[in-house]
Amino acid sequence: LVAVILIIITFLFISLKKKRTSQRASRKWPIVPGAKPIIGNPIGQSSNFTAKVHEWADKYGNEKGIFECTIFSQRFYIICSEEKIELIESKRPFEIVRSKNLARAVNSIGGNGLFSAEGNNWRKDRRMVGPALNKKNVVDYLSTMKVVTKRLIKKWSKMTKEDGVIAISSTILA
């Protein structure tokens, strides 16, 4: 019985390894090598994370505009070119959708709306909000947004000089 269980476990391990290898071979983008179990690709200190991703982008992302890395057992696809971003955006929110976990998290904090909607919900919400976000209307209120933003920056700069800390939530509505 123990021998049969070991044979089954070995078979499963080999088939999973073959599947993972064939998936990697079918990818059309580079994968950052050296991923370790659990931790993934080593990034060094957490303060170096952004620098490490930029380094990987320069090394692996220039040719195809996309590369793959693994961080804490989670696979990430880093997009490095405007063409790839435009391609992805053209397929949203029907062919390319956010992960179910992200959607659940956004919805749990009441963030379910036009900017987080997917598929038919997005289409319905867009019909209502779309006209307000067309180019002409955005241009019309852009100057007002600039004035308000400059005031807010001035207010926050003054507050940081006085207190060193800003309670943003209380200053936004004040």
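Look a little higher up for the structure.
Residues numbered from 1 in each chain as written. Predicted model: local features only at pLDDT ≥ 70, side-chain atom pairs only at ≥ 80, totals over all residues. Heavy atoms only, no water.

Caption draft 1: Fine view of the overall build of the protein. The secondary structure content of the protein amounts to seven helices and two strands. The secondary structure elements of the protein, listed N-terminal to C-terminal, are α-α-β-β-α-α-α-α-α. Among the 174 residues that make up the protein, the fraction classed as buried is 16%. Contacts spanning at least 24 positions in sequence make up 35% of the contacts within the protein whose residues lie at least 6 apart. (Helix = DSSP H or I, 4+ residues; strand = E, 2+ residues; numbered from the N terminus. Buried < 20%, exposed > 50% of the residue type's maximum accessible area, 1.4 Å probe, protein only. Contact = heavy atoms within 4.5 Å.)

Caption draft 2: Local environment of the pairing of strand 2 (residues 74-79). Both strand 1 (residues 66-71) and strand 2 contribute to a ladder of six bridges, which runs antiparallel. Bridged to Phe67 within strand 2 is Ile78. Here strand 1 folds back onto strand 2, and the loop between the two strands holds two residues, one of which, Phe72, carries a positive phi near 50°. (Pairing = 2+ DSSP bridges.)

Caption draft 3: Summary view of the nonpolar core. Core analysis: the biggest nonpolar cluster contains nine residues, these being Val32, Ile43, Val53, Trp56, Ala57, Tyr60, Phe67, Cys69 and Ile71. Contributions of two or more residues to this core are made by helix 2 (49-61) and strand 1. At four residues, the largest contribution of residues to this core is made by helix 2. (Core = buried A, V, L, I, M, F, W, Y, C linked by side-chain atoms within 4.5 Å.)

The values are spatial; any link to function lies outside them.
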